[in-house]
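Next come the chains, spelled out residue by residue.
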Amino acid sequence: MKRIEPHDLVMRYFDHDIGGQEMELLHAHLSSCADCAALFSDLNKIVGALERTPQVEPWPGLEDAVMARVRALSSSYDRFGSIVMKVMYGSIMLAASLLLSAAALRVEAAGVIGFLFQGIDYLGTLMQIGWSLQIFYHLADGLLFQMPESAVRMIGGLFVTGVAVALVLWTRIAWVGWVKQGTKD
Amino acid sequence: MPEETIILEPSDYELVKTCLSGRDDAFSTLVARYKRLVWNVIYNFTGDHPDSHDLSQEVFLRVYRSLHRYNPEYKFSTWVMRIAANLCINWLRKKKPDPASVDEMASVKDNRSNPEEQYLEKERAQRIQEAVATLPIKYRVPIILFHRQGLSYKEIAGILNQPETIVKNRLHRARQMLRDRLTFVMEDIRT
């Protein structure tokens, strides 16, 4: 038997990876080789002490400390989410307000009577599903396209910027608050 | 005969899904289940170091933030231990050597009734733990994970991102190094 093999067998014994026949070989060798017997004895003490030493009880305050930090983390997600929502809706509302204000100015310029007629027309559509889309359509179709090109560009730019900012912030909250949002990979 | 109501504990994965739906209280059940495991992993790596408290909390925070990445094909305990072990390995790499941090390890309770045996057992445990603490990290980690935490080669290989053969060779080498470092006290240990 080569010198390396018994050493391997000793190690495999402590790996808990040794078969019955190999165990017999190991025992036979240990009874005739003082070096390997000493190695086995020493490792048996060392590994035994490592594996026998009982596990320790955790720090009593661990659970409370962890949950306090988890709740703080969770509420920070909520706060951030709330801010993002406000910014997002704020951006959209700002862009929409600017658009409607500009449109209203054009309506006033077109004359009060015309505005009233248009208002009656719009009131008629209030009861319909998608009324806001129709108002937007009429405003855009009848008024917005009559505005100076620079104003249209400005309003369009503000609207696109607002939506872009909202999307960026929304992506951020989706990333940071993934766990909170319950989104899976 | 009154009917027995069997209340099944939710599985780890069910608790993970509950957490992901926004209910943080489910996470406290997971913490209760695995605080002992996490604490012992940290403790085996750090001894009674003051950073143990922060590290154990950080493990659970990382678990909480990574819940959406948990793969239920693997045991939750193995996943948690992987996070804990990697955090400890990074901590060990950044930390200066401090072999005097294992005193508490030897003061654990002992079932032996004989006070003298208890004392000797503590002495042995302390010397061995001190020797473990002096091993280079790449040898210390497999010793702790295999002999203290009871992980398999496959699990350790997964944690370290190393082939099983390397893990096995390092473990064999680590045992040999421990024996060499304990040569001067081996006579006492043999008693």
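The rules we used
Residues numbered from 1 in each chain as written. Chains lettered and ligands numbered in written order. Predicted model: local features only at pLDDT ≥ 70, side-chain atom pairs only at ≥ 80, totals over all residues. Heavy atoms only, no water. Contact = heavy atoms within 4.5 Å. Buried area = accessible area lost by both parts, 1.4 Å probe. Salt bridge = Lys/Arg side-chain N within 4 Å of Asp/Glu carboxyl O. Polar contact = N/O pair within 3.5 Å; in protein donor to acceptor, adjacent residues only side chain to side chain. Helix = DSSP H or I, 4+ residues; strand = E, 2+ residues; numbered from the N terminus. Nonpolar A, V, L, I, M, F, W, Y, C, P; charged D, E, K, R; others polar. Buried < 20%, exposed > 50% of the residue type's maximum accessible area, 1.4 Å probe, protein only. Phe/Tyr/Trp six-rings, centres within 6.5 Å; stacked < 30°, edge-to-face > 60°. pLDDT = per-residue confidence, 0-100.

Here we look at the interface of chain A and chain B
Every contact between the two is made by 42 residues of chain A and, on the other side, 51 residues of chain B. The contact between chain A and chain B buries some 4,600 Å² in all, and 61% of this surface belongs to carbon and sulfur atoms. Linking chain A with chain B are six salt bridges. As a salt-bridge pair, Asp42(A) and Arg179(B) come within 2.8 Å of each other at their nearest N and O atoms. Summed over the shared surface of chain A and chain B, the result is 16 residue pairs in polar contact (both at pLDDT 80 or more). Sorting the residues of the side of chain A that touches chain B by element identifies α1 (4–14), α3 (34–52), α4 (62–110) and α8 (178–181) of chain A as the ones contributing at least two each. Looking at the side of chain A that touches chain B element by element, the count peaks at 11 residues for α3(A). Among the residues making up the side of chain A that touches chain B, the classes are represented as 22 nonpolar, eight polar and 12 charged.

Concerning the pattern of salt bridges
As enumerated under the stated definition, the model contains 13 salt bridges over all chains in all. Measuring nitrogen to oxygen at the nearest pair gives 2.9 Å for the salt bridge that ties Arg12(A) to Glu22(A). Of this pair, Arg12(A) sits in helix α1 while Glu22(A) sits in helix α2 (residues 20–30); the two residues are 10 residues apart in sequence, bridging distant segments of the chain. By relative accessible area, Glu22(A) is classed as partly exposed at 24%. Residue Arg33(B) is joined to Asp12(B) by a salt bridge in which the shortest nitrogen-to-oxygen separation is 2.6 Å. Residue Arg33(B) is found in helix α2 (residues 25–46), and its partner Asp12(B) is found in helix α1 (residues 12–20); the two are separated by 21 residues along the sequence. Among the charged side chains, a salt-bridge network with shared partners connects Arg69(A), Glu58(B), Arg62(B) and Arg65(B).

Quick notes on the packing of aromatic side chains
Taken as a whole and judged by the stated rule, the model has 11 aromatic pairs over all chains. Residues Phe14(A) and Phe40(A) carry aromatic rings whose centres are separated by 5.3 Å and whose planes lie at 35° to one another, so their mutual orientation is tilted. Residue Phe14(A) is found in helix α1, and its partner Phe40(A) is found in helix α3; the two are separated by 26 residues along the sequence. We note that Phe14(A), like Phe40(A), is buried. Measuring from centroid to centroid gives 5.4 Å for Tyr34(B) and Phe76(B), while their planes differ by 50°, and the two rings are tilted.

Points about the confidence of the model for chain A
Detail in the predicted coordinates should be disregarded across regions flagged by low pLDDT. Residues and elements named next belong to chain A. With 56% of its residues at a pLDDT of 70 or more, chain A shows a mean pLDDT of 72. The secondary-structure element of chain A with the lowest mean pLDDT is α8, recorded at 48, while α3 shows the highest, at 89. Here residues 179–185 scores under 50 on pLDDT; set against residues more than four positions off or in separate chains, the count is 22 contacts.

Side note on unusual backbone geometry
Of note, His16(A) is a non-glycine position whose phi angle comes to about 60°, a positive value. Of note, His16(A) is situated in the loop between α1 and α2. Judged by relative accessible area, which is 54%, His16(A) ranks as exposed. In this structure, Asn161(B) takes a positive phi of about 55° despite not being glycine. Structurally, Asn161(B) is set in the loop between α7 (153–160) and α8 (164–181).

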